[in-house]
Amino acid sequence: MYTCINTCIFILGILQLSSPGWAQGVQQTKGPFQDKFRQLDEILPTPNAYRNAAGEPGVEYWQQQVDYKIEVKLDEAGRRLQGHEVVHYHNRSPYTLKYLWLQLEQNRFKPDSLAETSANFGGQGDRSPGTRLAKGKEPAGVSLNQLRRMQYMADTEIGYTLSEVKDEKGNLLPFTVYGAQMRIDLPTPLASGETTRFSLSFAYNILEENAMVARAGYEHFPDDSRKGGNDIFLLAQWFPRLAAYSDYEAWHNKEFLGRGEFTLEFGNYDVTITVPADHIVASTGSLQNPEDVLTVAQRARLEQARSAKRPVFVVTPEEALANERSGSIETKSWHFTAQNVRDFAWAASRKFIWDAKGHRQPNSKVQPLVMAMSYYPKEGGDLWKKYSTESIIHTMKVYSRFTFDYPYPVSLSVNGPVGGMEYPMITFNGPRTIWHKKAKGEKHDTRTYTLAEKRFLLGVVIHEVGHNYFPMIINSDERQWTWMDEGFNSFLDAIACREWDPDIPWGVEARDVVDYMKSDAQVPIMTQSDSVLQLGPNAYTKPTVALNILREIILGRERFDFAFKEYASRWKNKRPTPADFFRTMEEASGVDLDWFFRGWFYTTDHVDISIDRVVKLRMDTENPDIDFARRRQEEADKPGSLFVERNRQSGRKPRVELDEVLRDFHDKHDRFTVSNEQRNTYEQYLTDLKPWERKALERALKEDHNYYVMTFSNRGGLVMPILLEMTYVDGKKEQMVIPAEIWRRSSKKVSKLVVRPKKQELVSVVVDPGWETADVDVHNNHYPRRIQPSRIEAYKSKKPKKPEYRDLMHEMKTKRKKPKPKPYRK
């Protein structure tokens, strides 16, 4: 643990610190003065009655509420969804609304959508990458995945079919669709405090997720024993949803382009889902009719799971395997309700194995028992059986320490084609087991998993379940500021993952972001989501590292945890902005953090603090009999003149040694010989000192401390505390932190005086020895400099071949047969 040590020592003007070049200590290296400590209030929104200066919801804070009653039917054969929704809109704003805006995310994938028509060939950050521009001798290219996507779009009708948009009296409402948005014009303006109801019918073709990368859709399993195979359906962004209307932006009309996720209102949901009778449904909310859709045995197992020590199968692997071999022409309707959630998602398949375990929250009055449940096909295997549900519970335990108890009745992890996505109470997670070819002595091939797949599953389940807190409950604007949900969530999932198994390389340490921090392909964290370059490092890793540094280095755990929990408590079930977070962290921690948030979130500066020089100083006594003798020895310790030494070796004597007549007093006494005049001057100096001055001098001379001046330069631009590890001649080490405020008047170069007892003689100094601050160049962190370790590889030169032998004359290999799919065995 690092502790701040105050090493500011005021040396009296009458004392002299003797060192060559001391006057060149603290200087700005180049350019005009840059104030890295300017206050953020210059750029943050002005506090008001909705959001106050402390970062709290103001006395007049408001937000809208939108309730939904939806009936939806899954057409498995046609892979189509048909639904009808009744919307109850509550205008809690102080303003009158003439129209309502809805989001139609399924329209984002239409060929003529804004997202598709604005896609940049070969550009960075498109939702479906797979194109490259010509570069040098390398031709332009389109990946096979991208070809598949384009062909799927050409063959499939994409987007919503909307009809029957009516008010609560059954009158048709005028509406207009603009791309992935829809405006409904109200017959009568909706005044503040009033509510309105309307309904509409919708339908769309469910997208193939593996072809479209749409965050939702279906996955087909053609090799299942059932004729025609089976599907897993993951349904999200599946119904027309009201756009958010807020105090800071009014209607949130930024269209869904695929990168920036969702900005939504809280509300209550009543949803009935009709699926083939042999399907299992996982969904946001609480199941209201288990007796209609579950067997007696399944209901009994679900009850048993509430108090079980290990997950209990509600649908066993054997039952799921038997289920996927057949099919049903009958249907069942699953009825779910959810209160005060911002979205609703669900999944359905006959392939699902289902396990569950109860998680108790003894301090929660709202939700003392949460059912953690996992749904996965046989392809999930032991990986899911062993880890999915347990990692859900682990996530809730860790996140609740930093925020609040999980407020919902269920938390679900569902396996399907989506690598990782989050919705209230339900998450979609992609990792699976892989086929392992039987070894000698084994009867069958088996399914197994690598460490990478294990890490992927644990990491993605913890991350996506963690999203229940950010942004499902702490309802930040994902489309505007990705980092406010992904960054906060990644920070906490990094804690949860390392508390699960610290030996697994999770990729969340400060060292894991340094390549990005020094790259040119980056923008500030505060950049709007759709314009971010390298989304992963920008919105996930960099905020994670920043918050970890804030917690471990700058504030300390106790202070940070208190402030972070205060932020979570203030904005639970509300919509915070970055300013609310910045202000809350300052107000609750009692520390000015503007320099930190400005540097890490508003710039692309990086950390590169170099220790350029360490000078050891000795205190002059002003007594010539002492100081001159010391200076004589210092002079003798210096290398002599090469010219003089060569003359001496050759036998050539100086003229003054050859002729005694030429020698005088100065030849017999060096310049360090003390004269009586100098002694008299010293005695007068002592006489003129005031009593307190003489006392201070005598103590300093008696202690005879080591005075070290360390000079640092800020080569990356990002000001940070300077973490030091000092090693002494006896081998002992000392940790020390110089606060970031040392840079407040000189952001380029600073010097620090460190005083230590005479016995503590420094031999080396290291900046950031634990690689905790994301310093991009650790080689300039050492004084004295170290030889840089690296590697060299010996290789055998290959005999060059003529071009015709490399290509044209190469023998053609026979056509390889496609391997047959392997049957499933337990």
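These remarks concern the structure in this document. From a predicted model like this one, the values you see are computed outputs, not experimental measurements.

**Some thoughts on the sheet that holds strand 7 (residues 161-167)**
Here is step 1: The 7 strands are arranged 7-10-3-2-16-20-18 in an open sheet whose pairing can be described as mixed. A strand with exactly one partner marks an edge of an open sheet, and here the two such strands are strand 7 and strand 18 (286-287).
Here is step 2: When strand 3 (residues 80-90) meets strand 10 (residues 195-205), the two strands line up antiparallel, connected through 11 bridges. Looking at strand 10, one finds that Tyr89 is bridged to Thr196.

**What to know about the packing of aromatic side chains**
To describe a pair of aromatic rings, you give the distance between the ring centres and the angle between the ring planes.
Here is step 1: Inspection of every chain in the model, using the stated rule, returns 58 aromatic pairs.
Here is step 2: Seen in terms of ring centroids, Phe202 and Trp238 are 6.3 Å apart; in terms of plane orientation they differ by 55°. Their pairing is tilted. One end of the pair, Phe202, is in strand 10; the other, Trp238, is in the loop between strand 12 (230-235) and strand 13 (241-242), and 36 residues separate them in sequence. Grouping residues by exposure puts Phe202 and Trp238 together as buried.
Here is step 3: Aromatic pair Phe470 and Phe564: ring centres 5.9 Å apart, planes at 45°, arrangement tilted.

**Describing the nonpolar core**
Here is step 1: One finds Trp238, Trp346, Phe428, Trp600 and Phe712 to be the most contacted residues of the largest nonpolar core, which totals 195 residues.
Here is step 2: Discounting residues that sit within four places of it in the chain, Trp600 has contacts with Met517, Ile525, Lys542, Val545, Ala546, Ile549, Val607, Leu718, Met720, Thr773 and Ala774.
Here is step 3: Val615, Leu617, Met619 and Tyr707 belong to the second-largest nonpolar core, a separate cluster that totals 8 residues.

**Here's the deal with the pairing of strand 10**
If a strand is regular, its side chains alternate between the two faces of the sheet.
Here is step 1: In terms of burial, strand 10 is largely enclosed, as 9 of its 11 residues are buried.
Here is step 2: In this structure, strand 7 lies alongside strand 10, joined through 5 bridges in antiparallel fashion. Bridging across to strand 10, Leu162 finds its partner in Phe202.

**Comments concerning a nonpolar patch on the surface**
Here is step 1: A surface patch of nonpolar side chains, about 550 Å² in accessible area, is lined by Phe121, Leu133, Val142, Leu144, Leu147 and Met150.
Here is step 2: Counting residues per element, the nonpolar patch draws most heavily on helix 2 (residues 144-155), which supplies 3 residues.
Here is step 3: For Phe121, the position within the fold is in the loop between helix 1 (114-117) and strand 5 (131-132).
Here is step 4: Under the relative-accessibility criterion, Phe121 is labelled partly exposed at 38%.

**Brief notes about helix 15 (residues 624-636)**
Here is step 1: Across its 13 residues, helix 15 extends 18 Å between first and last C-alpha, which sits within 8% of the 18 Å expected from 1.5 Å per residue.
Here is step 2: Taken residue by residue, helix 15 has Pro624, Asp627, Phe628 and Arg630 as its buried positions. Burial along helix 15 is one-sided: seen end-on, the buried residues are contained in an arc of 160°.
Here is step 3: Of the residues that open helix 15, the one with a side-chain oxygen 3.0 Å from the backbone nitrogen of Asp625 is Asn623.

**Looking at unusual backbone geometry**
Here is step 1: With omega at 15°, the peptide bond leading from Phe470 into Pro471 counts as cis.
Here is step 2: Here Pro471 is to be found in the loop between helix 8 (451-466) and helix 9 (483-500).
Here is step 3: Phi is positive for Arg79, close to 50°, though the residue is something other than glycine.
Here is step 4: Of note, Arg79 is situated in the loop between strand 2 (65-75) and strand 3.

**Some thoughts on the environment of Asp247**
Here is step 1: Among the secondary structure elements, Asp247 is positioned in the loop between strand 14 (245-246) and strand 15 (250-251).
Here is step 2: Taking the C-alpha atoms as reference, Asp247 lies 9.8 Å from Arg575; in sequence the two are 328 residues apart.
Here is step 3: Beyond its immediate stretch of four places on either side in the chain, Asp247 contacts Tyr50, Arg51, Tyr61 and Trp62.
Here is step 4: Side chain to side chain, Asp247 and Arg51 meet in a polar contact 2.8 Å long.

**Points about the pattern of salt bridges**
Here is step 1: If you walk through the whole model with that rule in mind, you get 58 salt bridges.
Here is step 2: Between Asp231 and Arg79 there is a salt bridge; the shortest N-O distance is 2.9 Å. On the criterion of sequence distance, the pair formed by Asp231 in strand 12 and Arg79 in the loop between strand 2 and strand 3 is long-range, its members being 152 residues apart.
Here is step 3: Here Asp231 falls in the buried class, since its relative accessible area comes to 4%.
Here is step 4: The partner of Glu261 in a salt bridge is Arg215, and the shortest N-O contact between them spans 2.4 Å.

Scoring rules and cut-offs
- Residues numbered from 1 in each chain as written.
- Predicted model: local features only at pLDDT ≥ 70, side-chain atom pairs only at ≥ 80, totals over all residues.
- Heavy atoms only, no water.
- Pairing = 2+ DSSP bridges.
- Helix = DSSP H or I, 4+ residues; strand = E, 2+ residues; numbered from the N terminus.
- Phe/Tyr/Trp six-rings, centres within 6.5 Å; stacked < 30°, edge-to-face > 60°.
- Buried < 20%, exposed > 50% of the residue type's maximum accessible area, 1.4 Å probe, protein only.
- Core = buried A, V, L, I, M, F, W, Y, C linked by side-chain atoms within 4.5 Å.
- Contact = heavy atoms within 4.5 Å.
- Patch = residues over 30% accessible without salt bridge, like charges linked within 9 Å, V, L, I, M, F, W, Y side chains within 5 Å.
- Areas by Shrake-Rupley, 256 points an atom, 1.4 Å probe, with all protein chains shown as cover.
- Salt bridge = Lys/Arg side-chain N within 4 Å of Asp/Glu carboxyl O.
- Expected span 1.5 Å × (residues − 1).
- Arc of directions from axis to C-beta.
- Polar contact = N/O pair within 3.5 Å; in protein donor to acceptor, adjacent residues only side chain to side chain.

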